[in-house]
Amino acid sequence: MKKAKVKRQKVKVKREDAKRVFTSAFCLLPFAFLFGEQSVLNPAGPQSGRVNSLFRLMSYVNAAVFVLVGIAVLVAIFRKRAERKRKSDEPDISPDPQREQRMTRVVMGAVGVTIVILFIYLIGSYTTGRGLYSPAESKALSIKITGHQWWWDVEYDDPIASNIVHTANEIHIPVGQLVKLRLTSDDVIHSFWVPNLSGKKDLIPGHEIVLEFQSDSAGEFRGQCAEFCGYQHAKMALFVVAEPTSQYRQWAEASMAQAAPPSGPAAVRGQQVFMKSSCSLCHNIEGTLSGSHAGPDLTHLASRRTLGAGTIRNTRGNLAGWIVDPQRIKPGVHMPPNQLAPDDLEALLTYLQSLR
Ligand code: CUA
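Conventions we followed
- Residues numbered from 1 in each chain as written.
- Predicted model: local features only at pLDDT ≥ 70, side-chain atom pairs only at ≥ 80, totals over all residues.
- Heavy atoms only, no water.
- Salt bridge = Lys/Arg side-chain N within 4 Å of Asp/Glu carboxyl O.
- Helix = DSSP H or I, 4+ residues; strand = E, 2+ residues; numbered from the N terminus.
- Buried < 20%, exposed > 50% of the residue type's maximum accessible area, 1.4 Å probe, protein only.
- Pairing = 2+ DSSP bridges.
- Axes fitted to C-alpha atoms, helices over the stretch in contact; angles between N-to-C directions.
- Contact = heavy atoms within 4.5 Å.

A. Region of the structure containing the pattern of salt bridges. Following the criterion strictly, the structure yields 9 salt bridges and no others. For Asp344, the salt bridge goes to Arg269, with nearest N and O atoms at 2.6 Å. A residue pair is termed long-range when its members are at least 10 positions apart, and Asp344 in helix H9 (residues 342-353) and Arg269 in helix H5 (residues 265-276) qualify at 75 residues. We classify Asp344 as partly exposed; its relative accessible area is 22%. As a salt-bridge pair, Glu346 and Arg316 come within 2.8 Å of each other at their nearest N and O atoms. Here Arg316 lies in helix H7 (residues 316-324) and Glu346 lies in helix H9, a separation of 30 residues in the sequence. In this structure Glu346 comes out as partly exposed when scored by relative accessible area, which is 43%.

B. Broad picture of the pairing of strand E10 (residues 237-243). Buried residues dominate E10, accounting for 7 of its 7 residues. Residues Ala237, Phe239, Val241 and Glu243 point to one face of E10 and Leu238, Val240 and Ala242 to the other, with burial holding for every one of them. Two strands pair when backbone bridges link them, and strand E4 (residues 170-174) and E10 are joined in this way by 5 bridges, in the parallel orientation. Across the sheet, Ile171 pairs through a bridge with Val240, a residue of E10.

C. Examining the sheet that holds E10 more closely. Strand order in the open sheet formed by 3 strands is E4-E10-E9, with mixed pairing between adjacent strands. The open sheet has two edge strands with one neighbour each: E4 and strand E9 (219-224). The average undirected angle you get between the axes of adjacent strands in this sheet is 20°. Here helix H4 (residues 245-256) sits on the sheet in contact with E4 and E10, set at roughly 135° to E4.

As structure tokens, this is what we get:
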């Protein structure tokens, strides 16, 4: 009997320890954004820099207000206690006009300070909002981004049709040049957010909203859909790759080109599999007869970092898993499963991996 009781107590203590560890880990979660490639505290351009300055101003002022209010509360508590000790047990409830007056002045002063702070915030956010947009005549790289459940269609604007680059979930930009995104959506409201580069902006079906940003340093920045848009909202990531201008030009020129014709028997067979199966009904590969943009453009699929909008890394094994059963990797995704014969799958993988 006694042993069982001790055991039960031990289990209870262990469970409480686990609870405590879990709670502290959970409390630390909000600070996760301090680290990594997706962080508001690590601005890479002037637009995100302005947002960051406003955020810092608000954080410092709010922290100061928090500390001052805390001190005021503690002082009030200790004063009251000391007063009680000094006086008799009978609490003194008779009105004290002098004291009332003093308290009214303190409260009015605090309200005045609050109003001043809120006005500073108002002016700060207004000027920050205005500062995020440049004059209309500035030369910018224009890109159309269309949100889909749950991926990003990326189309680089160009007056010459053959120079239009079409890709998905990955945006390459030259360092130091203003980028103007034309945001829209194909289904529900999404929100574009790459914290290192800009604030959030909604993508609304049937509307076009412009978002501007610039990266002053080379790097890879992760973005995330910031508006709940259905089951796989969490797996709707994108990457902005900021490169020196020459490197960007190289990428753009390679991306303008049509897909290279398949070389070798496996790739040739892979292309046939692609054209004969349901793949070609939803995906486009420039230079072939497929031409649908219902799903991501695959012309240069092999050069992209991830599959499924940042869900998995773009490796041969992951690509195979994605083709055969995307629902296992990203349940709810609009891509259907594909039951291909092993040889056909191998050939298809070889072909898709040749699309650089
Ligand atoms: Cu798209 Cu959330």
